[in-house]
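Listed below are the residues making up each chain.
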There are 4 protein chains.
Amino acid sequence: MSKKINVGIIGAGKIGKLHANNLSTFAEVKIRAISDVYIDQMTDWVSTFGVDYVTTDYKDILHDPEIDAVLVCTPTKMHVEIVLEAATFKKHVFCEKPISFILEDTLKVLRAVKDAGILFQVGFVRRFDHNFKKVYELVRQGRIGTPHIIHIFSRDPEPAPKEYVKHSGGMPFDMTIHDFDMIRYLTQFEVEEVYAQGSVLIDEFFRECNDIDTAVYLLRFTNGSLGVIDNSRKAEYGYDQRVEVFGSRGSITIKNDVDNSAEVMTKEGVLSEKPKWFYLERYNEAFKEELKSFLKCIVTGQEPIVNGNDGLQAELMAHAAARSLKEGRPVKIQEILLESTGRIPRL
Amino acid sequence: MSKKINVGIIGAGKIGKLHANNLSTFAEVKIRAISDVYIDQMTDWVSTFGVDYVTTDYKDILHDPEIDAVLVCTPTKMHVEIVLEAATFKKHVFCEKPISFILEDTLKVLRAVKDAGILFQVGFVRRFDHNFKKVYELVRQGRIGTPHIIHIFSRDPEPAPKEYVKHSGGMPFDMTIHDFDMIRYLTQFEVEEVYAQGSVLIDEFFRECNDIDTAVYLLRFTNGSLGVIDNSRKAEYGYDQRVEVFGSRGSITIKNDVDNSAEVMTKEGVLSEKPKWFYLERYNEAFKEELKSFLKCIVTGQEPIVNGNDGLQAELMAHAAARSLKEGRPVKIQEILLESTGRIPRL
Amino acid sequence: MSKKINVGIIGAGKIGKLHANNLSTFAEVKIRAISDVYIDQMTDWVSTFGVDYVTTDYKDILHDPEIDAVLVCTPTKMHVEIVLEAATFKKHVFCEKPISFILEDTLKVLRAVKDAGILFQVGFVRRFDHNFKKVYELVRQGRIGTPHIIHIFSRDPEPAPKEYVKHSGGMPFDMTIHDFDMIRYLTQFEVEEVYAQGSVLIDEFFRECNDIDTAVYLLRFTNGSLGVIDNSRKAEYGYDQRVEVFGSRGSITIKNDVDNSAEVMTKEGVLSEKPKWFYLERYNEAFKEELKSFLKCIVTGQEPIVNGNDGLQAELMAHAAARSLKEGRPVKIQEILLESTGRIPRL
Amino acid sequence: MSKKINVGIIGAGKIGKLHANNLSTFAEVKIRAISDVYIDQMTDWVSTFGVDYVTTDYKDILHDPEIDAVLVCTPTKMHVEIVLEAATFKKHVFCEKPISFILEDTLKVLRAVKDAGILFQVGFVRRFDHNFKKVYELVRQGRIGTPHIIHIFSRDPEPAPKEYVKHSGGMPFDMTIHDFDMIRYLTQFEVEEVYAQGSVLIDEFFRECNDIDTAVYLLRFTNGSLGVIDNSRKAEYGYDQRVEVFGSRGSITIKNDVDNSAEVMTKEGVLSEKPKWFYLERYNEAFKEELKSFLKCIVTGQEPIVNGNDGLQAELMAHAAARSLKEGRPVKIQEILLESTGRIPRL
């Protein structure tokens, strides 16, 4: 009935393909075009849903006057260039996380987006998960009073491919960035200081990449409340994604999603299902909700649930964490902010 | 790529609409036509997905040479007439449960379907639920040895509308029929005898309809194992759908599905989510899987997972249960079978 | 400070020893004497706590003017003779279950106890279990409205010794009797009719004893509510003792007690502890509470929580169940009562 | 049969009384004497079990040649003096935690105990809890491979009395000391560095005492594995005592103990029992097991499960934590050790 939203997808790697597949089932969207340097090798996949054209040059998409919004799903290092150009063409932007590895770049993007008056959503998909959303609502309703300590458990079932690891920006940027955002989302507190401890306990390859595979982050919020993030690159039993928020009146916990609730009781004990394997399984519905929310903002003009500042704050925490890991001391967010520009940046 | 399967939907009440909505998202299907006596009042709904035509006369669908298969979603009393005619036109049939309230009619349908060589699937959707399927697999794998006692808990959150209740055939036919099928599916045993106890504890209206709202069925399988079905028309906390299979080596239980796994711990106790509300919520995915399975059988020519005999056996149990309720004694399946035809019917 | 209660224990088999060991840790009790035909072979055990004397003749205990109360822990067939004599000597009596296998005998005991004005408690220990007590309280508080359907799961981890089985009175008397009492206790309803289905699925020895090892009982209460009891003589995973009470406003369930709450999550799944092994482990504390409650009644003169009528009602249900098993039909409690005396007995 | 162990109890405050009550039910022990400055006001309590004498002067107990072992349950500041003197009289010592607030004093005690050849057990009662013991066993069995990250949640239901708080030594010494021990016990790793973050979020009184009421500790073990301790002085829902050990092959968690397993399902949700209220309820059995283990060591001559070095290591962690809180930086155990004596102390 109402006009469809025309979307262009820039980057058709794992996450770009995922978004394309989801968009193809939405009645309100038309996937106008997809760009990827290897798009010519994806004809089979592309043919499974209607798309007006494909291209190896993302600029074709930005220059296309029919397109209302773009999904930026390229490697992180290309985000800034693409989003800045998208802003000049007034395309609404959904950008995967992190916006960039360089604080000045992220600030540049945020200013451009603001000046252009376009919508800008960052891909923190977990905010759209049924369990995390419920925790958010319960905290907002005051069910546990003021949060005092929040714990996030976020463990991958297996390390990412080595080629990815080399350019991932390190654990705080490739993995913990989701948790940095989640901890702000659930508490609605801002972080004042980050202390990080990391180790290589799973695969020496991470040491070769100047990276870690196991870490705990201790965060202090501006109000004195505390946060803990537990990260591992390998939980053999599956994707472990839980949170506990403890407050003045009580505590909220969530469990992992499982494929079925069967419990088998034998003389060996009571055996039940392990967590879903990885993010494609666990956040399957959340990925759809994330895009639906973005599309709704395009229709209504509302600010996205995950906006540019949310992207920035998580990156600030990642920078502080990276420095803490390197220097073995707690690092204040303020220190990162001031240093990057000589003063606290005006957004 | 491959030719789409053309489907006609006969009956666009609650369940017909549900199936239509699901089919409309399947790439491999074309909804060719929908018939319903009130179809003219449904233009808004029909317009939300493509359909070649609608009609108030289901015969238009049966006569349409383009149509491969039909979904029979009318009130039960019309099933027999429609399926018999569908068989003459060699349309594959998916038929909602029960096939009929009259044993001879059901037998007639089964013979017609067999003679026509068409596929015939009965709408026992719960076999396609992730939890029940897992129990089935675990039992098949011998994880609990031989089943000795099986319990099914099947409680609706609220009674069906009064207009529906009047013509539903009574609890054994409108509600327990699903459980009769499930208990055969999970054990792969056949039932020898049924004893039923029922009461009106929720709403006197059921008494006026010669029906009950609360019941327990005690079943004896031919091998001496036992089965229990617990039915209530009103569980205030939601749709309660569980099973326990106890066997020589152990026991399997499943829990209800919930919207989220959040647990809130306060001085009042630990509060977690109640079950999903009703079958639309709980069996949302199962309804899709049910149709996918039917469509796959059309492509491969395989026998449906729920075939005509499954429909028949559940109805035999319902007849035995209804008689047990009426006469206050255990009733053998054999007694029902012999009586209906003077001898055990040849299928 | 206050005078100790002098107790005599009659019968020092498994359960007599258990009670003696528990009593020996109670400050308010003196175990005055223990009688058993084999007591001379138990000197080691007797020496572990103070007792004034032992005897092979239980009459010594009944004739002892120092003794306030006796625990009758002999085989069932001796209960009647002992309790009748205890009544003449005005000893308060704690009697293991069942009182007898013969309805007239039990009625005789109840009249004697009433005429003598002594306290009489029957050994339905499960009423003193922390979980069952909590269910009782929650039902009493109206937390689930009026009970509509109650399920009891009561499975032993292994069959009793063959010598015991031969004289146990059969499953309804040796095993289900506990559940018959529990179902009355939790609902506070009286049973109108019993239908029982039993099989031999575990050990052919039970068939040789005219007994069964697997059973389901379907009970109808006088108000139309329904009850289910699930019994097995062998749950390989341990003693399975659970209940579910479903009512007009909700449902209550309890879980089995376990030794620890550890959950181990590996790629094989999530493994947790199986139930405690048997009644000594599960009802360890309840056995103590049971005696404490009896002793408290002696001090206060209050009616025991499990009185003679409770013993009688459970036996009536057991008789009805035994007949139902034999005759394959539902049996009314009224039928058993009338038949035993030609009229409803006056208590 | 065998000679009873004669025990003297020094200090009859809350914990001394608890131990006395427990000892009084052990067949193998004689409570020879109890000392407390206020013992004359406790005649009622003392009379509930047999004791040869009471005294206001603990030296009477140490000088008593009949006494084999003493329980030191005084305020912490008196521990050192008493234990040193007990060592000269060759009494085996069970000492409540911590041994002292001053590292040199603790080292002095350890040397005295060693030189005297007496048994010395420190009161880390949680090692004897059924759940924590199970985690220990599972980790030892290699069920989760090598521990990578361990989390301890240890929250009191309410703050200790203000008079106690003033002299408690601060959170790391009065509360976290148990967790410091537990984390070593479960992992069998030694801690290399401690970083602590603390806040006053519950009661300003703690600030006045230079103390905190909410804290998180991030520990680094010598092998690079990481530990987290979460402490709060007020969890309104009860005593929250859990642990998660995550390792290379899986993860182990435990739940809180509860009084009953009843779950009430209504339209408000599913409500179950909150944790037991405090340590008297949760560690009721562990307190008995702790003393039984100590008594068994006296009989067998085996080293106590919690020895002097365990007391020392936990105190080192507490000192490091206190300094970290004060100076806002991670503190190495080595730094505390070297500083206290100018060199690493020889034990």
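Residues numbered from 1 in each chain as written. Chains lettered and ligands numbered in written order. Predicted model: local features only at pLDDT ≥ 70, side-chain atom pairs only at ≥ 80, totals over all residues. Heavy atoms only, no water.

### Here we look at the overall build of chain A
Definition in use: Numbering of helices and strands runs from the N terminus; a helix is a DSSP stretch of H or I covering at least four residues, while a strand is a stretch of E covering at least two. The globule rule used here is 2.2 Å times the number of residues to the 0.38 power, and the radius of gyration it is set against is calculated over C-alpha atoms. In what follows, a contact means two residues having at least one pair of non-hydrogen atoms within 4.5 Å.
What chain A contains, in helices and strands, is 14 helices and 15 strands. For chain A, the C-alpha radius of gyration of 21 Å lies close to 20 Å, the compact-globule estimate for 347 residues. Each of the three principal axes of chain A carries a C-alpha extent, and together these read 60 × 55 × 45 Å. The contacts of chain A with a sequence gap of at least 6 include a subset with a gap of at least 24, amounting to 70%.

### A look at the interface of chain C and chain A
The criterion, for reference: Buried area: the sum, over both parts, of the accessible surface (1.4 Å probe) that disappears when the two are put together. Salt bridges are identified by distance alone: a Lys or Arg side-chain nitrogen within 4 Å of an Asp or Glu carboxyl oxygen. For the purposes of these results, a polar contact is taken to be a pair of N or O atoms within 3.5 Å, where, inside protein, one atom must be able to donate a hydrogen and its partner to accept one; residues adjacent in sequence count only when each atom of the pair is a side-chain atom.
Between chain C and chain A, the contact holds 14 residues from the first and 14 residues from the second. Summed over both sides, the interface between chain C and chain A buries roughly 1,200 Å², with carbon and sulfur atoms accounting for 62% of that surface. Interface area lost by chain C to chain A is led by C:M265, C:K267 and C:V270, which between them contribute 41%. In this structure, the connection of chain C to chain A is made through two salt bridges. Where chain C touches chain A, the interface holds four residue pairs in polar contact (both at pLDDT 80 or more).

### Side note on the side chain of C:T55
Residue and element names in this part refer to chain C. Relative to the helices and strands, T55 resides in strand β3 (residues 53-55). Among the polar contacts listed, one links the side chain of T55 to the backbone nitrogen of D57, at a separation of 2.9 Å. Within the local environment of T55, its side chain forms a polar contact with the side chain of D60, the two groups lying 2.5 Å apart. Sequence-distant contacts of T55, defined by excluding residues within four places in its chain, comprise I34, S35, D36, I39, D60 and I61.

### Focus: the sheet that holds strand β6 (residues 120-122) of chain B
All names here are of chain B. What counts is decided by this rule: Any two strands with at least two DSSP-identified bridges between them are counted as paired. Fitting a line to C-alpha atoms yields each axis, with helices limited to the stretch in contact; the angle taken between N-to-C directions then spans 0 to 180 degrees.
Read across the open sheet, the six strands follow the order β3-β2-β1-β4-β5-β6; overall the sheet is parallel. Both edges of this open sheet fall to β3 (53-55) and β6, since each of them pairs with a single strand only. Across the sheet, the mean angle separating the axes of adjacent strands is 20 degrees when strand polarity is ignored. As paired elements, strand β2 (residues 29-35) and β3 share three bridges and run parallel to each other. Bridged to I34 within β3 is V54.

### Looking at the domain arrangement of chain A
The extent of an interface is frequently quoted as the accessible surface area lost upon association of the parts. All names here are of chain A. Applicable threshold: Marked domain ranges trace back to an automatic or database domain assignment.
Taken domain by domain, chain A comprises domain 1 (5-126 + 285-307) and domain 2 (130-281 + 313-340). Distance from the C-alpha centre of domain 1 to the C-alpha centre of domain 2: 26 Å. At the junction of the two partners, domain 1 supplies 17 residues and domain 2 supplies 22 residues. Counting each side, the surface lost to burial between domain 1 and domain 2 is near 1,800 Å², with a carbon and sulfur contribution of 60%.

### Overview of the side chain of C:D230
Basically, it comes down to this: Partly exposed residues are those whose accessible area sits between 20% and 50% of the maximum for their type, while under 20% is buried and over 50% is exposed, using a 1.4 Å probe and protein chains only.
Note on placement: C:D230 falls in strand β10 (residues 226-232). C:D230 gets classed as buried once you look at its relative accessible area, which sits at 0%. Among the polar contacts listed, one links the side chain of C:D230 to the side chain of B:H151, at a separation of 2.6 Å. The residues touching C:D230, leaving out its near neighbours within four places in the chain, are B:I149, B:H151, C:I152, C:F153, C:S154, C:R155 and C:A215.

### Some thoughts on the relation of the copies chain C and chain A
Put simply, the rule is: The copies are overlaid by a least-squares fit using only the C-alpha atoms of residues whose pLDDT is at least 70 in both copies.
Under the fitted operation, chain C is carried onto chain A by 0.0 Å of movement along the axis and a turn of 180 degrees, and the coordinates agree to an RMSD of 0.0 Å. In symmetry terms, the pair is related by a two-fold rotation axis. Across chain C, the rotation axis passes nearest the C-alpha of C:L271, at a separation of 2.3 Å. Here 100% of the interface residues in chain C have copies in chain A that are interface residues too; the copies meet face to matching face.

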